[in-house]
Amino acid sequence: MSDTLITVIAIGLAAILMFVFPLMTISDRTDDVSQLAVKTATTEFVDTARTTGKITEANYDKFLETITSTGNTYDVELEVEVRDTNLGKKTSMVQADKIGENASYTVYTSQIMNEWDKQKKAGKTEAIYYCKEGDLISARVKNTNQTISQQLKNFFYTVTGNDTYTIAANHAGIVTANGR
């Protein structure tokens, strides 16, 4: 009887070693590849917007298509910190060349999309959000679904929770050209 029990335990351990651990390793590598693809796409999207001074709906759709091709769903947040000059009177005679102060406000994804919708309703063929030199553009991306790697880790280790994400990318930069 004890030989049979040991044989069953050995077969169970062999099955785990032969199938589960390689599956976990492959799923972790898939997440790594997805992470790299999302980081690269985010960097390219923000850098294109920075160098042209424009966030176009076509580029945004291409960006979304690229990151969702990894097989995951993502939450994408765009922010544009618009530098606005507040021209006022000179504050001191020592700094005669500095007039007023710089102020900024932030435009978020929904506001950018509203601008695109307004342009499309006005009959424009290409929806564009224009930026000016000195604005700050940032994009944050994180996955919203559970990857196979997360599911396996939840099953075996209870390491990750349902709220956590494993694939994320952030990129930001200052606009170097006026969009108009």
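It should be emphasised that the depicted structure is a prediction, and the values quoted were computed from it without experimental measurement. (Residues numbered from 1 in each chain as written. Predicted model: local features only at pLDDT ≥ 70, side-chain atom pairs only at ≥ 80, totals over all residues. Heavy atoms only, no water.)

(A) A look at the overall build of the protein. Looking only at helices and strands, the protein has 4 helices and 6 strands in total. Along the protein, helices and strands appear, N-terminal first, in the series α-β-α-β-β-α-β-β-α-β. In the protein, which comprises 180 residues, the share counted as buried stands at 29%. Excluding contacts between residues fewer than 6 apart, the proportion of contacts in the protein whose partners are at least 24 apart in sequence is 74%. Of the roughly 11,800 Å² of accessible surface on the protein, 57% is carried by carbon and sulfur atoms. (Helix = DSSP H or I, 4+ residues; strand = E, 2+ residues; numbered from the N terminus. Buried < 20%, exposed > 50% of the residue type's maximum accessible area, 1.4 Å probe, protein only. Contact = heavy atoms within 4.5 Å. Areas by Shrake-Rupley, 256 points an atom, 1.4 Å probe, with all protein chains shown as cover.)

(B) The pattern of salt bridges, seen in detail. Taken as a whole and judged by the stated rule, the model has 6 salt bridges. When the shortest N-O distance is used, the salt bridge between aspartate 47 and arginine 50 registers 3.2 Å. Here aspartate 47 and its partner arginine 50 are both found in helix 1 (residues 2–52), 3 residues apart, which amounts to about one turn of the helix. Here glutamate 79 makes a salt bridge to arginine 140, at a shortest N to O gap of 2.6 Å. (Salt bridge = Lys/Arg side-chain N within 4 Å of Asp/Glu carboxyl O.)

(C) Representation of the nonpolar core. Of all hydrophobic cores here, the largest spans 26 residues; its most connected members are Ile55, Val80 and Tyr129. Put simply, the parts of the chain that give this core at least two residues each are helix 1, helix 2 (57–68), strand 2 (74–86), helix 3 (109–121) and strand 5 (136–143). Ignoring sequence-local partners within four residues, the contact set of isoleucine 55 consists of Phe45, Ala49, Val80, Ile112, Trp116, Ala127, Ile128, Tyr129, Cys131 and Ile137. (Core = buried A, V, L, I, M, F, W, Y, C linked by side-chain atoms within 4.5 Å.)

(D) How the structure looks around the packing of aromatic side chains. As enumerated under the stated definition, the model contains 3 aromatic pairs in all. Ring centres of tyrosine 60 and tryptophan 116 lie 5.6 Å apart, and the angle between their planes is 50°; this geometry places the pair in the tilted category. With a gap of 56 residues between them, tyrosine 60 in helix 2 and tryptophan 116 in helix 3 connect regions that are remote in the sequence. Neither residue differs from the other here; tyrosine 60 and tryptophan 116 are each classed as buried. Through pairs of rings, three or more aromatic residues link up here, namely Phe45, Tyr60, Phe63 and Trp116. (Phe/Tyr/Trp six-rings, centres within 6.5 Å; stacked < 30°, edge-to-face > 60°.)

(E) Representation of the side chain of aspartate 31. One can find aspartate 31 in helix 1. The residues contacting aspartate 31, other than those within four sequence positions of it, are Thr147, Ser149, Thr166 and Ile167.

(F) Up close: the packing of helix 1 against helix 2. Contact pair helix 1 / helix 2: the axes reach a minimum separation of 9 Å and the direction vectors enclose 170°. In terms of orientation, helix 1 and helix 2 fall into the roughly antiparallel class. Residue-level contacts link Val38, Ala41, Thr42, Phe45 and Thr48 of helix 1 to Asn59, Tyr60, Phe63, Thr66 and Ile67 of helix 2. Split by residue class, the contact of helix 1 with helix 2 holds 6 nonpolar, 4 polar and no charged. (Axes fitted to C-alpha atoms, helices over the stretch in contact; angles between N-to-C directions. Parallel < 35°, antiparallel > 145°, perpendicular 65-115°, else oblique. Nonpolar A, V, L, I, M, F, W, Y, C, P; charged D, E, K, R; others polar.)

(G) Representation of the confidence of the model for the protein within the structure. Chain-level statistics for the protein give a pLDDT mean of 84 and a share of 86% at 70 or above. When mean pLDDT is taken per element in the protein, helix 2 scores highest with 95 and helix 4 (residues 148–156) scores lowest with 79. Ignoring residues within four places in sequence, the model shows residues 89–97, a span with pLDDT below 50, making 3 contacts including any to other chains. (pLDDT = per-residue confidence, 0-100.)

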